[in-house]
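Next come the chains, spelled out residue by residue.
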Amino acid sequence: MKTHIFKVDINNIDNNVIVKAAEIIKSGGLVAFPTETVYGLGGDGLNPNAAKKIYSAKGRPSDNPLILHISDIGQLSPLVREIPENALKLAKEFWPGPLTMIFKKSDIVPNETSGGLDTVAVRFPVNKVAQALITASGTPIAAPSANTSGRPSPTRASHVEYDLNGKIDMIIDGGACKFGLESTIIDVTGNIPCLLRPGSITLEMLRSVLGEVNVDKAVVSKLDKGELPKAPGMKYKHYSPSADVVIVRGDRNKMVDKINELISQTDKGLKVGVIATEENKERYINCEVLVAGSIKEPETIAANLFKMLRKCDHHHIDRVFAEGLCEDELGLAIMNRLKKAAGYCIIEV
C-alpha cells in the first residue's frame, strides 16, 4: 500500500484534500489526520471492518477501545443510550476541545469500535481539519493515536509517516499539534463522574464544573492483571521509546544530583539521555540533554513530551532518565504518560 501525504494549511484548508480523505473513510480505508491533541488514525467508526484495520495497522490489542470523533454536538445522540446531565455541563464548557466522554453505547456502535465494552468514548475536536474531515465523511470517525501501538504518540505528520508509512492510505499533514497529549477521558455513566485519563482539561477544571469527580486508580498505577481497560491507554505499556526509561522525582536539587549519580553508574558503553526542564538543562553531565520545556510553563512540557521520547530513538539513546513533576494540574497528565513510558520505574529522592 502506498501512503499518500498531503499538506494543508489549517487557516486555509484545501477542500480537495478533505474530499479525497473523506472518500477513503467512506470506502473503509484509513486516514491519519491532525487534532489539537495528537494525530489520529481515522476510519469509519460504524464500520467493524474499518475498526479491525485500525487495530491491525497499529498492532493494537482489540480490547483497547477506540474513540469516536464527531464534528457537531447533534451527532452524539444516535451513538449513545442517554446523555447524562453531567455530560451536558461538560460539553457546554469544553466541547469542541480535548475532552473525551464515556457513555453507554447505542446498538449502532459496533463492538469492534468499543473494544467489546457496552460503553463508547466520544470526542468533539476543535481542530478545523479534523472537523472538516468528519463532516465530509458523514460518519463518526474512530481514531486512536496514529502510531505503532506502544510507541510515543505522534504530534507531527513525520511521526505518523515513520510508524505507519505503507500501512495506511493517507496522511493529512496539518503541522504540529497544539496540546501534545491525548484528550482527557471522563466516564459520565455513573452518578459520580470518574477521570480515566488526564489531559489538558485537568481534574481541577472538571471539578470546577461538576463538583465531585473520582479518579480511576489506573491514572496513577497499573491495572490489575486481567482487568479490562475502560478507555484507551489504561492497560498496556504506552509511549515507550526503545531506550529504558527511568523517572526520578522529589526535591528538585536532590533529583538532579541523583540523576547525575545514576549517569555516572551507567555502563560506559551505553548512551544516556536526560529529559529535563529548561531550568535544569545546564546541570547534567556526560549525557545528552533533551529539553522538554519549562517547569513554570508545564504546557510546553506537555506539547514536547512525545517529541522528546521519539528523539531518544532518533539519537540512539540506550537509557533515559526523566525529571518527575508534581502531580497536580497539568502535571498529572504529564506524569501519567511518563509513568507508562517508564513501565512505572520510578526512583523517589
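The notes below deal with the structure included here. This one's a predicted model, so the numbers in the text were calculated from it and none came from an experiment.

**Regarding the packing of aromatic side chains**
Point 1. Considering all chains together, one arrives at one aromatic pair under this definition.
Point 2. Measuring from centroid to centroid gives 6.3 Å for Trp-95 and Phe-124, while their planes differ by 70°, and the two rings are edge-to-face. Pair noted here: Trp-95 is in the loop between helix H3 (85-94) and strand S5 (99-104) and Phe-124 is in the loop between strand S6 (119-123) and helix H5 (128-137), with a separation of 29 residues, a long-range link. Per residue, the accessibility class of Trp-95 equals that of Phe-124, and both read buried.

**Some remarks on the environment of Lys-339**
Point 1. Structurally, Lys-339 can be placed in helix H10 (residues 330-341).
Point 2. Aside from chain neighbours lying at most four places away, what touches Lys-339 is Val-220, Ile-247, Arg-249, Glu-327, Tyr-344 and Ile-346.

**A word on the sheet that holds strand S15 (residues 319-323)**
Point 1. Taken together, the five strands give an open sheet; going across it, the order is S14-S13-S15-S12-S16, and neighbouring strands pair in parallel fashion. Each end of this open sheet is capped by a strand with a single partner; those strands are strand S14 (288-293) and strand S16 (346-348). Going across the sheet, the axis of each strand differs from the next one's by a mean of 25°, ignoring polarity.
Point 2. Pairing of strand S12 (residues 244-249) with S15 involves five bridges; the strand directions are parallel. Following the sheet pairing, Val-245 is matched in S15 by Val-320.

**A closer look at the packing of helix H6 (residues 157-164) against helix H9 (residues 298-314)**
Point 1. H9 packs onto H6 with a crossing angle of 50° between their chain directions and a minimal axis gap of 12 Å. As summarised for this structure, H6 and H9 are arranged oblique, according to the angle between their axes. Regarding H6 and H9, the two cross each other, and that crossing is left-handed. Taken together, the residues of H9 that come into contact with H6 (itself represented by His-159, Tyr-162 and Asp-163) are Lys-307, Arg-310 and His-314.
Point 2. Broken down by class, the residue content of the contact of H6 with H9 amounts to one nonpolar, two polar and three charged.

Calculation notes
- The numbers attached to residues start from 1 for each chain and follow its sequence in the written order.
- It should be noted that, the model being predicted, local features are given only for residues of pLDDT at least 70 and side-chain atom pairs only at 80 or more, the latter also being counted only at that level, while totals for whole chains, interfaces and linings use all residues.
- Note that water and hydrogens are dropped before the side-chain values are worked out from all heavy atoms of the structure.
- In this analysis, rings of Phe, Tyr and Trp, with Trp reduced to its six-membered ring, are considered paired at centre separations within 6.5 Å, and the interplanar angle assigns stacked below 30 degrees, edge-to-face beyond 60, and tilted for intermediate values.
- Numbering of helices and strands runs from the N terminus, with a helix taken as a DSSP run of H or I at least four residues long and a strand as a DSSP run of E at least two residues long.
- When accessible area is computed with a 1.4 Å probe and restricted to protein chains, residues below 20% of their type maximum are described as buried, those above 50% as exposed, and intermediate ones as partly exposed.
- Residue contacts are counted whenever heavy atoms from the two residues lie within 4.5 Å of one another.
- DSSP calls a pair of strands paired once it identifies at least 2 bridges connecting them.
- Note on definitions: angles span 0 to 180 degrees between N-to-C directions of axes, and those axes are lines fitted to C-alpha atoms, for helices only across the stretch in contact.
- The cut-offs work like this: below 35 degrees is roughly parallel, past 145 is roughly antiparallel, 65 to 115 is roughly perpendicular, and the gaps in between are oblique.
- Left-handed is the label given to a crossing in which the near helix is rotated counterclockwise from the far helix by less than a right angle, and right-handed is the label when the rotation is clockwise.
- Residue polarity is assigned by list, with Asp, Glu, Lys and Arg as charged and Ala, Val, Leu, Ile, Met, Phe, Trp, Tyr, Cys and Pro as nonpolar; anything else, Gly included, falls into the polar class.

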